[in-house]
Amino acid sequence: GLGVWSKSLLMWFSVYAWFHLAAFGTLGMILVSGVGGRTLDILFEISTIITYLVTGLIFLVPIVIDDKMDYVKSLFRNPGIISIFMLVAVITIVDLIVSGIVGTAWDIVIGIPDQELFYFADPSSANDPLIILLLFVGIAICPAIFEELVFRGYILDTFRSWYSDTYSIIASGILFGLMHYSIFTPFNFYPIVATSIGGFLYAWARIRTGSLWVPILCHALWNGSIVIY
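Residues numbered from 1 in each chain as written. Predicted model: local features only at pLDDT ≥ 70, side-chain atom pairs only at ≥ 80, totals over all residues. Heavy atoms only, no water.

(A) Spotlight on the layout of surface pockets. Put simply, the second largest pocket is a space of about 180 Å³. In terms of lining residues, the second largest pocket is bounded by K7, P62, I63, D66, K68, Y71, Y154, D157, T158 and S161. The dominant element in the lining of the second largest pocket, judged by the number of residues it contributes, is helix α5 (residues 129-160), at 3 residues. Considering only residue class, the lining of the second largest pocket consists of 4 nonpolar, 2 polar and 4 charged. (1 Å grid on protein atoms, 1.4 Å probe; cavity = no way out; pocket = protein on both sides within 12 Å on 5 of 7 lines; lining within 4 Å. Points joined across faces, edges and corners; volume = space filled by probe spheres on them. Helix = DSSP H or I, 4+ residues; strand = E, 2+ residues; numbered from the N terminus. Nonpolar A, V, L, I, M, F, W, Y, C, P; charged D, E, K, R; others polar.)

(B) Representation of the nonpolar core in the model. Ranked by size, the top nonpolar core spans 35 residues in total, and within it F59, F151 and I155 carry the most contacts. Counting only elements with at least two residues in this core, the list comes to α1 (2-33), α2 (37-65), α3 (69-74), α5, α6 (165-179) and α8 (213-228). It is α5 that contributes the most residues to this core, 12 residues altogether. Among all residues touching F151, those that are not within four sequence positions of it are W12, L156, S172, L175, F176 and M179. (Core = buried A, V, L, I, M, F, W, Y, C linked by side-chain atoms within 4.5 Å. Buried < 20%, exposed > 50% of the residue type's maximum accessible area, 1.4 Å probe, protein only. Contact = heavy atoms within 4.5 Å.)

(C) Highlighting α1. With 32 residues, α1 should reach 46 Å at 1.5 Å per residue; the first-to-last C-alpha distance of 45 Å fits that figure. Buried within α1 we find V4, S8, M11, W12, V15, Y16, F19, H20, A22, T26 and I30. Those residues of α1 that are buried lie in contact with α2, α5 and α6. Backbone geometry just after α1 places G34 at a positive phi near 75°. (Expected span 1.5 Å × (residues − 1).)

(D) The pattern of salt bridges, seen in detail. Taken as a whole and judged by the stated rule, the model has 5 salt bridges. Residue R160 is joined to D157 by a salt bridge in which the shortest nitrogen-to-oxygen separation is 3.5 Å. Residue R160 and its partner D157 are both found in helix α5; the two are separated by 3 residues, about one turn of the helix. The exposure class of R160 is partly exposed, given its relative accessible area of 31%. With relative accessibility at 17%, the residue D157 sits in the buried group. Among the ionic contacts, a cluster of salt bridges with common partners joins D157, R160, D165 and R206. (Salt bridge = Lys/Arg side-chain N within 4 Å of Asp/Glu carboxyl O.)

(E) Fine view of the environment of S99. Positionally, S99 belongs in helix α4 (residues 81-109). Taking relative accessible area as the criterion, S99 reaches 11% and is therefore assigned buried. It is 8.5 Å that separates the C-alpha atoms of S99 and G198, two residues lying 99 residues apart in sequence. When residues no more than four places from it in sequence are discounted, the contact partners of S99 are Y190, I197 and W222. A polar contact of 2.7 Å, which involves the side chain of S99, links it to the backbone oxygen of D95. (Polar contact = N/O pair within 3.5 Å; in protein donor to acceptor, adjacent residues only side chain to side chain.)

(F) Representation of the packing of aromatic side chains in the model. Enumeration according to the criterion identifies 10 aromatic pairs in this entry. Aromatic side chains W12 and Y16 sit 4.8 Å apart centroid to centroid with 10° between the ring planes, which places their arrangement in the stacked category. With W12 and Y16 both in helix α1, this residue pair falls 4 residues apart, about one helical turn. The pair formed by W12 and Y16 is uniform in burial state, with each residue classed as buried. Following the ring pairs from residue to residue traces out a cluster consisting of W5, F159, Y163 and Y167. Lying across the ring of F176, R152 places its NZ or CZ 4.1 Å from the centre. (Phe/Tyr/Trp six-rings, centres within 6.5 Å; stacked < 30°, edge-to-face > 60°. Lys NZ or Arg CZ within 6 Å of the ring centre and 35° of its normal.)

Structure (structure tokens):
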């Protein structure tokens with residue numbers, strides 16, 4: 001069990017550290033270059049996409065070392081189109097209901113911090129097709145693929161090699177939630193709880209179907225709604 005946790009935490013820490021290193025690197029690049037406006041918005045979205053592509057490489061390191069590329073292929077088996085879309089619909093509805101209940105309770109008891117910040121450096125970027133496309137890829141597509149590979153792929157299966165499915169779902173879901181704790185907002189713990197809920201549901205779907213397609217589509221749908229909102 002210790003080896004299982006060591007492998008899982010090493011993957012978690014590698015990805016978490018890389019996310020923050022990339023964030024500081026992007027911030028430094030912006031300060032040094034002095035760019036602003038639309039150019040800044042484009043660079044920021046591109047850096048987000050690159051961050052996730054590197055996350056994919058981090059995921060592949062132990063896979064290549066252990067010569068388990070067939071394992072990656074197995075993650076994308078097709079459980080059936082009808083099964084995929086039925087589960088996506090059910091999980092999304094359950095996620096909305098549970099997240100809504102937990103979010104309301106959290107806001108009443110603890111309070112969810114208001115974060116009314118302008119996302120773009122240039123307000124007109126909100127109407128720029130290129131930037132919106134990059135935003136959608138960086139927020140909806142890339143996280144759905146690469147975070148699922150890491151958490152519902154490597155980490156979940158690492159836990160399942162030693163522990164029960166229920167234990168593995170809970171452990172991988174909590175680590176997924178902790179991935180969304182930001183050192184830039186140190187007293188805001190709600191994202192950990194909110195994303196853990198999705199982590200539990202996506203892990204269950206992965207085990208239920210033996211595939212990442214349902215978690216990926218659910219993840220993309222959830223994050224995509226953020227872009228639209």
